[in-house]
Every structure is written in structure tokens, then in C-alpha cells.
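Structural overview for review
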Amino acid sequence: EDAAAAAARRAFRPLHPADAPGAMSAPALEHPPPVARLDGAPRRLPKGASDPISQRGGGCECDRSKGAIVLFYAYVPIADPASLVTELRATCGSNGVTGKLRIGREGINGTAAGSHVGIDAMIHALASCAREPRLAAAAKSLDYKRAPGCACLFDDLSVRLVPEIVPFEPSTGGAKSARKKRRGWRHATVGGDDDGDERGTETDASAPSASSAPVPCPVGYLDPRDFHDAVRDRAASASTSDVVILDVRNWYESRVGHFEGAVLAPIRRFSQLPEYVESNKTLFHGKDVLMYCTGGIRCEKAARYLASLGENDGGGEKNGDDAGVTGRPRSVRQLRGGIVAYARDVLGAEAGAEAGAETKSAYKGLNFVFDNRGAVPVTSDVVTWCDGCGARSNQLGKCAGFGCHVILVVCEACGGGNGDANGEARVFCCGSCEAQTIARETTPGAKQKRKPCECDGYESRRRRLLPTPTPGSVG
């Protein structure tokens, strides 16, 4: 394949129904306010507690070749999500499948593990659900990103009804600004509108006129190998200013592994991404954005959020250094299937055999996953450092502070044990967290309300995302 043909193959392709995962309809980005525990399911952990971080790989001796773990999602309208929750809970439970499935009116988001028979039973239930024909059609062509696994990769089965299958509430500008932004997102679609309504035109008073409407920002996908080539092309280019690689995962995920040259957003929750973008508009304005996440689901909403920027500004002139800077990119391209698909298709044995030689990875380090593996090696590169001593490490742990759930990197030397049953390290995220914990330990029985950590902010997270520790970042 010559250079011209390769460039043409990687050229931006606008969205087409066949491009959308499972030919699905778009995520509905306007949604009702969150409602806690919609299905009345009991709390899985005590209030204030969180799952321990594990890299023990499930802590079992199972033959993983006899089972599988799958990661999938479908943005497709669900008419009766509560009934689907009940059905999948029963199917998975009776077939020994563990994992986390989140179901709402906008679709399904799941990761599950078990025997091949059990996983196949779950997939069959999705693909043959007569009550939900759109989901059934999508489920037949989903990429389940199947990998060797067993039911031990999750402690239990959690199937829940939720308002959003991946939370993405705007977090800046108050309720009025949030409502305004949701109006701007309303008509973003993946692969067209299944209801046949005319979309893409605003009818309310806030809609910009035709003469002032911003230039459309196309949103599309790149298959893993094309994304790999695009990242490599950017690295080889004399000028990288027009192409931005954006990691939309949380900071503790991107910290242990990421694509070379990527912007690592210092966010603790996905819903903080709009706030980060709002504060860093010049990073994305007028640029070609290459976007990725673990399995692709977060990119669906993040891409359409970026593409919608400026739609409600009315095209009016602004004053100041950021006049006319909305943050709206020139184009957005998502890594289809996320890091999981990249590792499988670009670095896997089959991909290497087809290419004729091992492909050097543009992604370095671990891929953080939300199961008992903790993180999965993509390459052997160690791209971060221990929060206790600053030594190179990619060993995950949690802050030892009482009630603190901050995920840290803790090397073997610093994680020698604090008597905790979960084996969590005696390393704290910051001085204030350590002081509060010691005060509680030295005055047992005293009622002490936990105060926010001094490190719970963008700047502290940004320091931890640096390739080497800075003064004040350690200890």
C-alpha cells in the first residue's frame, strides 16, 4: 500500500449508519435529572466504602481459556428498561455470569464474565429479546470485545436501572447553562435518527440564524489500525498543532497508560469533562481531535459534546483574548472499540500475523479496567510513579485515609501493609487526608466529619499525570 492510498484510507469519513456500533441510534444527550437507585436494589457496599483496587487478576486458579469476559454497549432506545433488568438479572444469575450491567432508556452498558456457555446465554438473551426489537437487532452485530476470563473477575452480579448508561451531567455554569448546553446536544445523532424525524435544526428562540451558525463539526470513527496510523502520523509530523489526541478517561486511568502525545484530562469523573473543556477551549478549537477511552462508550457522548460547542452562542462577537473561541473542533474521530479493541486488533497475535511483523504500540503502559484485574498490560512500559516515594511504578492502590477513595500508585516498598484486610497501602493522597485519619485514630469514639482533601482539584491531579514527580507531589 503506497503512502497516498494509506492516507486516503485514513481520511476522515463522515458518519454513516453502518459506522455506528451495531448500526445503533444516537445517545440521547438530553436526559432527566438523576434518580438514585431506580430499581430499589440493595446497596452493595457500606455507605462511604468503595471497591478495593486489585491487580491480582481475580485471585483464582481458573483456566481462563474455558471462559470469557466481555465489554459492550449499545445506544439504542429501550422501551421497558425495568423489565430488561429483571430478565438479564435472571439469565445471568442462572448461568453463573458475574459483572456490571447498566440499563436505561438510552441503551445498555455492560461488562460481564463467566463460562463460554454463560456468556453465550446472556448474548442470546439480548439478541432474541422480542420485547426490545431495536436492542435485539443491535445485539446481533455488537463487538463484545471478548477476551479469556472467568466469573471470578467480578465479586458478584450487579444489573441496575439507571438514568444514563454512562453519566455525563454538565458540571459548570449552573442549571441555566446546563439546560442551554443540553439543548445544543439534542440533535446530535449517530447514524441518523431511527424515528425518521427531521433532525439538526433548532426550533426554539436560542437557535442561531443560518448566517451565524457555526461550521458543522463532523464526528466519525477510526478503526484501531487507522487510529494507530493517525497517532503515528501526528508524531512524525513536523507540526502537531492541528491534531489533538484526547483521552477522555478519568485521571487515575490515563495515569497508568495512554497514547503517546495525548492530552490527559485531570478529571475524577467523566461528568467533569465539560468543565475541563470549558477551561481549555484553545486546546480543541479548530483542531482535528482524535479521541479514545477504554471501550468506546464515553467517546460517544464526549464527541458529540465537543461537536456541539458554540451552537448556542448565536455567532455574536466576543471581547477579550478568547473572542470567538468556543472550543469547537474542526473534526472529531473516535477510536472504534477503544483501547481494548486497539490492543486486540493492532497488538494481538492475529493482527501481528496479518501485518507480517509485530506492530510497535502507540499506546504505552496499562489499560485500567473495572474488574478484579485492576489493570491489563498493553505494553511493559511504566509511565508513572509511586505516590509514596516517587519511584517508577504502575502498581495501583488507594489512599489509606478514612473515607477517602482516591486511587493512587503505590509501589511494593511503600505498600508493605498497614494491617488492612484489603492489603491497601499506608500511603495518603495528601497531608490533610493523613492528618484527618490520624486524628480519628488517636481519638476513638469522637464524632468527626470528614473534610474535603486539599488535593481534590485539577492542579493536584495534573501534577500526578506528569511523567516524573514534581516537588510537593510525593509524600
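Here goes a summary of the coordinates provided. Remember, predicted model here, so these are calculated numbers, not experimental data.

**Brief notes about the overall build of the protein chain**
Secondary structure assignment for the protein chain yields 14 helices and 15 strands. Within the protein chain, buried positions represent 48% of all 475 residues. Restricting to contacts in the protein chain with at least 6 residues of sequence separation, those with at least 24 account for 73%. Split by element, the accessible area of the protein chain, about 21700 Å² in all, is 53% carbon and sulfur.

**Examining the packing of helix H6 (residues 224-236) against helix H11 (residues 338-347)**
Remark: H6 packs on H11, axes separated minimally by 8 Å, with the N-to-C direction vectors making an angle of 90°. With respect to their mutual orientation, H6 and H11 come out roughly perpendicular. Residues Pro224, Arg225 and His228 of H6 touch H11, and the partners they reach there are Ala341, Tyr342, Asp345 and Val346. Here the contact of H6 with H11 is composed, by residue class, of four nonpolar, one polar and two charged.

**What about the state of the cysteines?**
Simply put, disulfide is the name for a covalent bond between the sulfur atoms of two cysteines. Under the definition given, this model contains zero disulfides. Here Cys433 is not cross-linked by a disulfide; its sulfur's nearest cysteine counterpart is in Cys399, at 3.5 Å. Its relative accessible area of 0% is what places Cys433 among the buried residues.

**Considerations on the sheet that holds strand S13 (residues 375-377)**
Read from one edge of the open sheet, three strands run S8-S12-S13, paired in antiparallel fashion. Pairing within the sheet leaves two strands with one partner each, and these edge strands are strand S8 (257-259) and S13. Direction aside, neighbouring strands of the sheet carry axes that sit 40° apart on average. Looking at chain direction, S8 and strand S12 (residues 363-368) are connected through three bridges and run antiparallel. From the neighbouring strand, Gly257 faces S12, where its bridge partner is Gly365.

Scoring rules and cut-offs
Residues numbered from 1 in each chain as written. Predicted model: local features only at pLDDT ≥ 70, side-chain atom pairs only at ≥ 80, totals over all residues. Heavy atoms only, no water. Helix = DSSP H or I, 4+ residues; strand = E, 2+ residues; numbered from the N terminus. Buried < 20%, exposed > 50% of the residue type's maximum accessible area, 1.4 Å probe, protein only. Contact = heavy atoms within 4.5 Å. Areas by Shrake-Rupley, 256 points an atom, 1.4 Å probe, with all protein chains shown as cover. Axes fitted to C-alpha atoms, helices over the stretch in contact; angles between N-to-C directions. Parallel < 35°, antiparallel > 145°, perpendicular 65-115°, else oblique. Nonpolar A, V, L, I, M, F, W, Y, C, P; charged D, E, K, R; others polar. Disulfide = S-S within 2.5 Å. Pairing = 2+ DSSP bridges.

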